Amino acid sequence: MNIKLTIQERLKDLRTERKMTLEQLSEATGLSRAALGKYETDDFKDISPLSITTLAKFYGVSTDYLLGLTEQKNHPDTTLAELHLSDDAIDVLRNANFNKRLLSEMLCHSDFQRMMLDAEIFVDRIADMRINDMNVVLEAVRQMLLAKQETKNDLYLRTLELAQVQEEEYFGHVVAGDLNRILRGIRDAHKIDQTTADQSSVAVETQTQLQKVMSFEGSTEEKKARFFLANLGIDYDTITKEQFVTVIEVLKLSKHMNSPISRRGTRKQHQRKQEHY
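This write-up is about the structure you can find in this document.

Looking now at the environment of Leu 66. Here Leu 66 is to be found in helix H5 (residues 63-66). Along the backbone, Leu 66 and Leu 5 are 61 residues apart, and their C-alpha atoms lie at a distance of 9.6 Å. Not counting chain neighbours up to four residues away, the residues in contact with Leu 66 comprise Ile 7, Arg 10, Leu 11, Leu 14, Ile 52, Leu 55, Ala 56 and Val 61.

Below is the structure:
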C-alpha cells in the first residue's frame with residue numbers, strides 16, 4: 001500500500017478523478033498541455049508557483065495538498081474542535097507508529113459507519129433489555145415444556161435453548177464481521193499496488209517454477225538442480241558443465257533431498273551438459 005503520494009501522483013489522480021484529458025485541463029486552466037504533461041512525470045520537479053496555485057484553485061484543493069505538505073484535500077481549514085477528538089486521541093494520531101493512510105481508508109469505507117453503529121449498540125448496552133426480554137420468554141416456554149416431559153433431549157427444547165442470544169457473543173461476531181468486510185474491501189482495492197503482496201508473490205512464482213521443472217523431461221536429479229537454480233533466479237541452461245557439477249555437489253549436502261544423488265546419475269547429467277556445449 002502506498003504510504004504517501006508524490007506531487008506528480010496527486011496531480012494525475014485529481015485529473016483522472018474528473019476524467020479529463022491533458023488537452024481539456026489545458027483549456028480549462030490556461031496552462032500548456034506540454035507543461036501539464038511534464039508536471040505528472042515522476043522525474044519532473046520544477047513546477048512553478050503560478051501553476052501550483054492555478055491547479056489548486058481549479059481542483060478546489062489547497063496548495064499544501066498538491067505539494068504533499070498535508071493529506072487534507074478538501075478540508076484544509078477544519079479545526080480539531082470540529083472533529084471532537086480527545087487529547088489522548090490526538091496524541092495517538094500524531095505519535096503512534098502505525099499506517100495512518102490505512103486508518104483513513106478504514107474511516108472512508110462504506111461499512112465503517114455500520115461497524116461504529118454496531119459497536120455503539122454493544123458498548124452502550126442499547127439492546128440489552130430487548131435481548132434479555134426475548135431470552136426470558138424463550139426460557140419460560142422451554143421450562144414449561146420441560147415440566148411436561150421426561151427427556152431433555154428433545155429437538156424443540158434444544159432449539160428453544162439455542163435460540164437464546166448471548167449479547168456479548170452476538171455483537172462480538174457482528175462487529176468482527178463488519179471489520180472483516182472493511183479490511184477485505186481495502187485489501188482488494190490495493191491488489192495492483194507495487195508495495196502490496198499479490199498474485200505475483202514469491203510463493204506463486206515458486207509454484208510456477210516447480211510446475212515448469214516437473215514438466216521437464218530429464219532425471220530426478222536434474223529436475224532438482226533446475227528447481228534449485230530457478231529459485232535463485234538462475235537459468236539452468238546458461239551454466240557451464242563445471243558449474244553444473246558444483247551445483248550437484250551442493251545439492252548432495254541437503255538434508256531435504258528425498259534420495260541421494262548417485263555418481264552414475266551425475267555422470268549422465270554431466271554428459272548431457274557436455275552435449276549441450
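Further remarks concern the packing of helix H10 (residues 128-148) against helix H11 (residues 155-162). Think of two packed helices as two axes; the pair is described by the angle between the axes and how far apart they sit. Where H10 contacts H11, the two axes come as close as 9 Å, and the packing angle between them is 155°. Put simply, H10 runs roughly antiparallel to H11. For H10 against H11, the interelement crossing comes out left-handed. Counted together, Leu 138, Val 141, Arg 142, Leu 145 and Leu 146 of H10 and Tyr 156, Leu 157, Leu 160 and Glu 161 of H11 form the full contact between these two elements.

A few words on empty space enclosed by the protein. Gaps left between atoms are located by rolling a probe of water-molecule size over the structure's atoms. For the coordinates displayed, the defined rule picks out one cavity of 30 Å³ or more. Within this model, the largest cavity holds a volume of roughly 40 Å³. Taken together, Leu 11, Leu 25, Leu 36, Tyr 39, Glu 40, Leu 55 and Tyr 59 form the lining of the largest cavity. Elements with a minimum of two residues in the lining of the largest cavity: helix H3 (33-39) and helix H4 (49-59).

Thresholds, definitions, all that
Residues numbered from 1 in each chain as written. Predicted model: local features only at pLDDT ≥ 70, side-chain atom pairs only at ≥ 80, totals over all residues. Heavy atoms only, no water. Helix = DSSP H or I, 4+ residues; strand = E, 2+ residues; numbered from the N terminus. Contact = heavy atoms within 4.5 Å. Axes fitted to C-alpha atoms, helices over the stretch in contact; angles between N-to-C directions. Parallel < 35°, antiparallel > 145°, perpendicular 65-115°, else oblique. Left-handed = near helix turned anticlockwise from the far one by under 90°. 1 Å grid on protein atoms, 1.4 Å probe; cavity = no way out; pocket = protein on both sides within 12 Å on 5 of 7 lines; lining within 4 Å. Points joined across faces, edges and corners; volume = space filled by probe spheres on them.

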